[in-house]
Amino acid sequence: MTSLRKPSDKLGMRPGSLIHVGDRHHDDSLITVVDYTPDEITTITATTAEEIFAYRERKSVTWVVIEGLTDVSLIEKIGAEFGIHQLVLEDILNTHQRPKFEEYDDYLYIVLKCLVPAERDEFSVEYEQVSLIVLNDYVFTFKEKRDALFDPIQVRLNSSKGRFRNLGADYLTYAILDTVVDQNFVVIDSLDDAINDIEDQLLDSQSNKETLNTIQRLKREIITMRRQVAPVRELLAAMLRSETKLIDTQTHIFLRDVADHSMRIVDSIESYRDILTGLLDVYISSVSNKMNEVMKVLTIFASIFIPLTFFAGIYGMNFEYMPELKWKWGYPALWGVFLLITAGLLVFFRRKKWL
Amino acid sequence: MTSLRKPSDKLGMRPGSLIHVGDRHHDDSLITVVDYTPDEITTITATTAEEIFAYRERKSVTWVVIEGLTDVSLIEKIGAEFGIHQLVLEDILNTHQRPKFEEYDDYLYIVLKCLVPAERDEFSVEYEQVSLIVLNDYVFTFKEKRDALFDPIQVRLNSSKGRFRNLGADYLTYAILDTVVDQNFVVIDSLDDAINDIEDQLLDSQSNKETLNTIQRLKREIITMRRQVAPVRELLAAMLRSETKLIDTQTHIFLRDVADHSMRIVDSIESYRDILTGLLDVYISSVSNKMNEVMKVLTIFASIFIPLTFFAGIYGMNFEYMPELKWKWGYPALWGVFLLITAGLLVFFRRKKWL
Amino acid sequence: MTSLRKPSDKLGMRPGSLIHVGDRHHDDSLITVVDYTPDEITTITATTAEEIFAYRERKSVTWVVIEGLTDVSLIEKIGAEFGIHQLVLEDILNTHQRPKFEEYDDYLYIVLKCLVPAERDEFSVEYEQVSLIVLNDYVFTFKEKRDALFDPIQVRLNSSKGRFRNLGADYLTYAILDTVVDQNFVVIDSLDDAINDIEDQLLDSQSNKETLNTIQRLKREIITMRRQVAPVRELLAAMLRSETKLIDTQTHIFLRDVADHSMRIVDSIESYRDILTGLLDVYISSVSNKMNEVMKVLTIFASIFIPLTFFAGIYGMNFEYMPELKWKWGYPALWGVFLLITAGLLVFFRRKKWL
Amino acid sequence: MTSLRKPSDKLGMRPGSLIHVGDRHHDDSLITVVDYTPDEITTITATTAEEIFAYRERKSVTWVVIEGLTDVSLIEKIGAEFGIHQLVLEDILNTHQRPKFEEYDDYLYIVLKCLVPAERDEFSVEYEQVSLIVLNDYVFTFKEKRDALFDPIQVRLNSSKGRFRNLGADYLTYAILDTVVDQNFVVIDSLDDAINDIEDQLLDSQSNKETLNTIQRLKREIITMRRQVAPVRELLAAMLRSETKLIDTQTHIFLRDVADHSMRIVDSIESYRDILTGLLDVYISSVSNKMNEVMKVLTIFASIFIPLTFFAGIYGMNFEYMPELKWKWGYPALWGVFLLITAGLLVFFRRKKWL
Amino acid sequence: MTSLRKPSDKLGMRPGSLIHVGDRHHDDSLITVVDYTPDEITTITATTAEEIFAYRERKSVTWVVIEGLTDVSLIEKIGAEFGIHQLVLEDILNTHQRPKFEEYDDYLYIVLKCLVPAERDEFSVEYEQVSLIVLNDYVFTFKEKRDALFDPIQVRLNSSKGRFRNLGADYLTYAILDTVVDQNFVVIDSLDDAINDIEDQLLDSQSNKETLNTIQRLKREIITMRRQVAPVRELLAAMLRSETKLIDTQTHIFLRDVADHSMRIVDSIESYRDILTGLLDVYISSVSNKMNEVMKVLTIFASIFIPLTFFAGIYGMNFEYMPELKWKWGYPALWGVFLLITAGLLVFFRRKKWL
């Protein structure tokens, strides 16, 4: 089973065929199952689908985290066991989704993107697709990579004496969404730092070609980021509007909080976009300013020395009858003229504020 | 029957007159009829309208693909047989339509545009208009050209053991829309490649006049593309809102999926437009940067040699009384002055970071 | 009765006073009356209001086309006869209206603008205001000028064996709207040609100051055009929403078609605006590119010859002790130095890709 | 009682404290009272509040125009007599209001801005705030300055044989709104003239620094104008939506007309903003074009004479062995070389279209 | 208990954990309690939570102002006493909130930002977060810093003979919102001054690099300001839409007034943004204009003296046969030629309007 890089690579296949579309990060999936009641909590690493389904009979919330999307047969089995629509399974495996919320009779399907600062040396962002299937007492989370993103939730589940474990699958869903959305702030902060660096460079006239490249790269990152993050607002608005029984009205307050955060993030991204556009204008202005300075140096040098050279040239001529050449004070007088011309032009340039 | 190039060429004709407006790709139409039940499937190439109507009595889904829009009388016959409104027939023949969905009592009319990468050497896109008439058990598809666009659907119909052939004309409609919309991803991908190429050229300072032309051409393509693709979102939203009996509620999940795809495509196009606008700014900056560099070279050369030439000119003068000319070390001393001036200016330029 | 050029010229008059505001094209109005039933059709040129009202008793559709808006008393008589609101009469005479649709108890009032390519040599557009009053069996059309705009409708009415003449005043209204809206495509096409011309000029580096003027003029035309055409969409949407009995639901399909056309026109205008904005950027870039080229020529010439001139100046000095001047091979050796410097600089410029 | 210049100067005062905020134009207010029935009309200049209230018992429409906002006690008395909310009184006195419509149980409160071309020599606009309180049979109009703005209404009231005086306070309100809104057209026209002047200057290459200043000043005026005028559309929409008994449905047709006018004005302002933005781009391009021309002159002069000077320098050298200097035809031959070089370069520059 | 600088620093903590996120301005909180009835008013500085709760039994309005957000346990106690949701308490402590209004069963939660001109020498703005919890007869106000912001309200409460103290907690809420929103006008005014300064500098050609930096800084401030202020409109719209019993309908008129103010502020901010964007274009144009001037000086000097120097060079050549050198009037004649060339070029440059 190969993973396809581009969305277009899947063309020609029948809709509903289960194939992993996207970058392949791991060869096998890591399955973590957390099952909890107010009183008890069990965490196992599952290897078969059956280990996942073992908790169906219990009155407990079961959280299944599947990291790595390569085990297609596992996802097919989950789909069959819980009656998940073929298109949902297909969407989980295709990591080019737009964030969205879909409500089905027995379950909810949520996709969103987690922003991860890339480990390359410059500012850049990677996107991990996180899909959720929320059933009555099961929450499935599908991730592309193995990382520590959800560790804090596990810690809280383990340490929670009651509150968290008393609340149902919908509160767990909230906690997951909150974690993913708040993760974006990390990226926003580093973006803020990067923009401040450029601004400082520009305002200190330290800008160079590299600055232009950085502005353009940041702008592109921001355009992409906006596309991945903006739909989260609609996603949460749709969840709040939804009349599903799977989300308790009490949980609405919490979801509204996540919605506020996602609005703040989009506000910030839009501000940064405006600021970067402004910085490009400042960059262009600063290039013009530099050219102006270069031109002034040239003009001052040329305007002073070209006339002087002309006068020197005059008295280098070989006419037989040039009375000045015979004058005793001709040469020093000419130096006087040179100094006068130079002084006059310097005054002229100073008046023009070029000096 | 001639084909008119421009939408305005049809002016003055009465509304509702059937004339093919658009590029003429083929002299005759190719008619493919696929008739299927869950158990059976027949595929024929029809030459008369009667062969198409032959399946009306059967309890089956009949899919008629008409490639080439020159056979106006055929379309008139279909219109008469199925009671299609004159304006719909006219719209099918006019390939300057805006994508739209229209609901009539007994049938649905859908127009949309399929993006085809043009075969010319540079990045450019062609648009094929695809019209659908969806009746209870007939689906008509009108295309401008003969190509392999719908081959995958035929393959799936033939190989499908039940699923596809069990579902009705509305699922077939979905499959057609899905194919047309997903085809756009191919164009989006090649657009992405083209933009990355320009970006690399610009950031490596390899840009030239050609780069400007390419940016402008891409921008224009994107503006056109957006106009052809953006209304597809509204089209699908209208289909999902519609209360027609011709679309089963079960099919809504599938249409929602196509709607997601078309939103992703429009998102991408808008991102690319923003990125291209940014690239034009970067191009302009890079031209200014280059000019700066040219100016610096000129200024450095001129500022160093113009004063030196002046001094050489001084001692080329023919004054009778120029004591320096008589000095034994006058000439080497002047060389010393030359070197001092040059060194001073080089330090000055280095301080200004021009070297 | 004078015509006022500017909307502001009417200030201070009481609202509802009937005065022609706008350009005066003809001294008298031409009144054409077409009265038709499915069986009969009469066309006369009327000179008095009474000839117009003569058809009121008949069960027929009467279409009155008034070309030229100078005969204010005629419009007053029509207003009195059919009970038209004073403000509507005033609006008909004021050719600075925004396209709009107004629904009254017994009649509909529609204003829109017809785009006419101006006969001046360059691309420019004129706007003719067309007003409609639609009563139960009367349709009044008020135009500013005498032209052949509605001839095709008259031809169709005359030749129609039944269809057109069977349908009522609302279908006639549709036919008029359709004619006016489709007329815009002619202008759009010539706009497209004009933009393509500029684009070709720019990409072939054939641009000059004239190009800038043309871009600006086109941009201004487009901004004006948009203002005149964009409200037509709302006008048609309002007609489709309206619950007036004067428009049969059957006619809605036709109006929807006109609405589609007007959306296509606005889409095109907006695309052209975007493209022109892009072309201005390309123009600015091309001016910079040209300056770059000029600067390169200057820099190459100056950088090569200024140092050479300096060396020539050196050996033009009159120092008594300049050993080189005595050397036998001094002069040819200096030429060697000249060639070396020149070659070195040419290599340097070629490395910089300036040659 | 002092007038405060800036909105912020009122900070710290309790909301609802009556203080005039804005420019102070007159020391005392001029109060004109027009009382009319279909049969009678009385116009007086009042000096006390009691003269205003004298008409309360009569079955007549009383129109009170207060020009100058300095008599705060008068406004307090009116407020007390008619039960106007404290905040409304405060808003009347604060001339920094946003145009708005407020509906109270017994009265309506309307604020809008009248554009007045300023008398300074260049294009600039002043804003006069006009507030209306509309009661059942009283209309209060508060203006900042004494001018002839409402004279035409008084003339019409006096000359009207019945129509105007038969209609109630709501028609008077309409007449006032219509007068204020139509006044804007005067400003729009002068704006149009100013923009045409700039455009002509730019396209005839007559632009200078002054042009840039004018563009910027106009742009700023337009931005301010938009802010003052755009909310009038919402104001009128709110009036039309309102279910107050103070506005007769018959008057709605008239208000709709004013709404159309205000939409036209906003459309125009937005067009002018777009055109001005375009003109700034044209200005920037024209500056670049001029620089190009300057550069070309420099480059042509320098490229021709710098090489020639080099050759002249060569033969000014004092080498002992320079055979050319001895040649009889050396000097004329060199002139031949000079002419050849010059001709060659001229051909080169002509090919490049620089000449 | 430490304060975290960045929103992202709180990542990984469980939602609902009470920690102060933001800048820490004071080490301890200042608690002011104002308790009033129409007849009595008491103002104390509380040090324990119990002093705050002491007024719960009385039929009075109690206003608690907490300045400084470091005393987390106090906020926890208030939350416990009045049953405030954990997320609200968390939001109060996190000073990175977006302005918002939240309605709970027994209380309202309002957050907004107060703009404070920073004390640094240049134009810059600081944001203080003000949170309100409105209960039936308690209003809690949480501020980041100790300042005189609410002093005017306390003065009015003390001096009010009845009006203010007769109205309930909702009127107090209005007074607080009004104070915070009107405070923004101070910043808007200083912004206006700063922009006028730049404009004057630019139009008087006094601009320099500092101008560019100021424009960019102002633009950034405005972008941030808009983000902090724009949501206040929605906040107030939500309050007006809300059906809570905690806000009397009578108070709606007052809230509408605050809403108007906040709309005016956002209008102003948007205008300033447009004006600043225009100023950047003017700046870029002015840099180009300056460069043009520099180029003209260079071109005039070079174009005049380079040909003259060439002629001087000619007659400095050492050809044996140069007849002109022998002519008696050769030298003065050459001066005549020099003057002719110079005059000719000066006329040429004057025609080009470069002089």
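Up top is the structure these notes are about.
Nothing here was measured: the structure is a model prediction, and the numbers come from that model.

Novice: So what's going on with the overall build of chain A? Which residues, and what values?
Specialist: Tallying secondary structure elements over chain A gives ten helices and seven strands in all. For chain A, the C-alpha radius of gyration of 34 Å lies well beyond 20 Å, the compact-globule estimate for 355 residues. Dimensions of chain A along its principal axes, counting C-alpha atoms only, are 120 × 45 × 30 Å. Expressed as a percentage of the 355 residues in chain A, the buried residues total 62%. Looking at chain A alone, contacts between residues at least 24 apart form 65% of all its contacts between residues at least 6 apart. Accessible area for chain A stands at about 14200 Å²; split by element, carbon and sulfur atoms hold 51% of it.

Novice: Give a detailed account of the interface of chain B and chain C, specifying residues and quantitative values.
Specialist: Taken together, the contacts link 62 residues of chain B with 69 residues of chain C. Across the chain B to chain C interface the summed buried area is about 5800 Å²; carbon plus sulfur atoms make up 63%. Broken down residue by residue, the surface that chain B buries against chain C is led by R98(B), R220(B) and Y331(B), which jointly contribute 13%. One can count seven salt bridges joining chain B with chain C. Put simply, D267(C) and R98(B) hold a salt bridge, and the shortest N to O gap is 2.7 Å. One can count 17 residue pairs in polar contact (both at pLDDT 80 or more) joining chain B with chain C. Mapped onto the side of chain B that touches chain C, the elements with two or more residues apiece are α3 (86-93), β4 (100-103), α7 (209-229), α9 (249-314), α10 (323-326) and α11 (330-351) of chain B. With 20 residues, the top contributor of residues to the side of chain B that touches chain C is α9(B). Residue composition of the side of chain B that touches chain C, by class: 31 nonpolar, 13 polar and 18 charged.

Novice: Now, about the nonpolar core: what can you tell me, with residues and values included?
Specialist: Judged by nonpolar contacts, the single largest core of 383 residues is most densely connected at I52(D) and F140(D). Setting aside its immediate chain neighbours within four residues, I52(D) contacts I31(D), V33(D), A46(D), V64(D), L74(D), I78(D), Y138(D) and F140(D). The next biggest cluster of nonpolar side chains, apart from the first, holds 135 residues, and it includes V294(B), F349(B), F338(D) and F305(E).

Novice: Just give me the short version of the packing of aromatic side chains, but keep the residues and values in it.
Specialist: The geometry of an aromatic ring pair is captured by the separation of the ring centres together with the interplanar angle, meaning the angle of the planes. For the structure shown, the criterion picks out 105 aromatic pairs over all chains. Relative to F305(B), the ring of F301(B) lies with its centre 6.4 Å away and its plane at 25°, an arrangement referred to as stacked. Residue F301(B) and its partner F305(B) are located together in helix α9, separated by four residues, close to a single helical turn. For the pair F301(B) and F305(B), one class covers both residues: buried. Between Y171(D) and F254(D), the ring centres sit 5.1 Å apart and the planes meet at 90°, which makes this aromatic pair edge-to-face. Here Y171(D), found in helix α6 (residues 169-203), pairs with F254(D), found in helix α8 (residues 249-314); they are 83 residues apart in sequence, far enough to count as distant. Note on accessibility: Y171(D) and F254(D) belong to one class, buried. The structure contains a cluster of three or more aromatic residues connected by ring pairs, namely F301(A), F305(A), W335(A), F338(A), F310(B) and F311(B).

Novice: Pulling in residues and values, what's your account of the interface of chain A and chain B?
Specialist: Much of the literature gives interface size as the accessible area that the parts lose upon coming together. Counting residues at the interface gives 61 residues for chain A and 70 residues for chain B. Note on chain A versus chain B: buried area summed over both sides is about 5800 Å², and carbon and sulfur give 63% of it. Contact with chain B buries surface across chain A, with R98(A), R220(A) and Y331(A) losing the most and accounting together for 13% of the total. Viewed at the interface, chain B and chain A are joined by seven salt bridges. A salt bridge links R220(A) to E199(B); its shortest N-O distance comes to 2.3 Å. For the interface between chain A and chain B, the tally reads 17 residue pairs in polar contact (both at pLDDT 80 or more). The set of elements that each furnish at least two residues to the side of chain A that touches chain B consists of α3 (86-93), β4 (100-103), α7 (209-229), α9 (249-314) and α10 (330-351) of chain A. Broken down by element, the side of chain A that touches chain B gets its largest block of residues, 20 residues, from α9(A).

Novice: I'd love a proper account of the sheet that holds strand β7 (residues 138-143) of chain A, names of residues and values included.
Specialist: Residue and element names in this part refer to chain A. In spatial order, the strands read β2-β1-β3-β7-β6-β5-β4; together these seven strands make up an open sheet with mixed pairing. Each having just a single partner strand, β2 (41-46) and β4 make up the two edges of the open sheet. Averaged over all neighbouring strand pairs, the angle between strand axes comes to 15°, with direction disregarded. Across four bridges, β4 lies against strand β5 (residues 108-117) in antiparallel orientation. Within the sheet, the bridge partner assigned to E102 lies in β5 and is Y109. Relative to the sheet, helix α2 (residues 72-82) contacts β1 (30-36), β3 (61-67) and β7, its axis offset from that of β7 by approximately 155°. Set on the sheet, helix α4 (residues 151-159) makes contact with β1, β2 and β3; between it and β1 the angle comes to about 25°.

Novice: I'd love a proper account of the relation of the copies chain B and chain C, names of residues and values included.
Specialist: Expressed as a screw transformation, the operator carrying chain B onto chain C has a rotation angle of 72° and an axial translation of 0.1 Å, and the superposed copies differ by an RMSD of 0.0 Å. Classification of the inter-copy transformation places it as that of a five-fold axis. Measuring from the rotation axis to each C-alpha of chain B, the shortest distance belongs to G316(B), at 4.6 Å.

Novice: Can you tell me about the sheet that holds strand β7 (residues 138-143) of chain B, naming the residues and giving the values?
Specialist: The pairing of strands in a sheet happens through backbone hydrogen bonds and is either parallel or antiparallel. Residues and elements named next belong to chain B. Read from one edge of the open sheet, seven strands run β2-β1-β3-β7-β6-β5-β4, paired in mixed fashion. Pairing within the sheet leaves two strands with one partner each, and these edge strands are β2 (41-46) and β4. Between one strand axis and the next, the sheet turns through 15° on average, direction left out of account. In this fold helix α6 (residues 169-203) packs onto β1 (30-36), β3 (61-67), β5 (108-117), β6 (125-134) and β7, with an angle of close to 25° to the strand it touches most, β5.

Novice: Give me the lowdown on the packing of helix α7 (residues 209-241) of chain D against helix α8 (residues 249-314) of chain E, citing residues and values where you can.
Specialist: The contact between α7(D) and α8(E) brings their axes to 10 Å, and the two run at 175°. It follows from the interaxial angle that α7(D) and α8(E) lie roughly antiparallel. Of the residues contributing to the contact of α7(D) with α8(E), the split by class is five nonpolar, seven polar and eight charged.

Basis of the calculations
Residues numbered from 1 in each chain as written. Chains lettered and ligands numbered in written order. Predicted model: local features only at pLDDT ≥ 70, side-chain atom pairs only at ≥ 80, totals over all residues. Heavy atoms only, no water. Helix = DSSP H or I, 4+ residues; strand = E, 2+ residues; numbered from the N terminus. Rg over C-alpha atoms; globule rule 2.2 N^0.38 Å. Buried < 20%, exposed > 50% of the residue type's maximum accessible area, 1.4 Å probe, protein only. Contact = heavy atoms within 4.5 Å. Areas by Shrake-Rupley, 256 points an atom, 1.4 Å probe, with all protein chains shown as cover. Buried area = accessible area lost by both parts, 1.4 Å probe. Salt bridge = Lys/Arg side-chain N within 4 Å of Asp/Glu carboxyl O. Polar contact = N/O pair within 3.5 Å; in protein donor to acceptor, adjacent residues only side chain to side chain. Nonpolar A, V, L, I, M, F, W, Y, C, P; charged D, E, K, R; others polar. Core = buried A, V, L, I, M, F, W, Y, C linked by side-chain atoms within 4.5 Å. Phe/Tyr/Trp six-rings, centres within 6.5 Å; stacked < 30°, edge-to-face > 60°. Pairing = 2+ DSSP bridges. Axes fitted to C-alpha atoms, helices over the stretch in contact; angles between N-to-C directions. Least-squares fit on C-alpha atoms with pLDDT ≥ 70 in both. Parallel < 35°, antiparallel > 145°, perpendicular 65-115°, else oblique.

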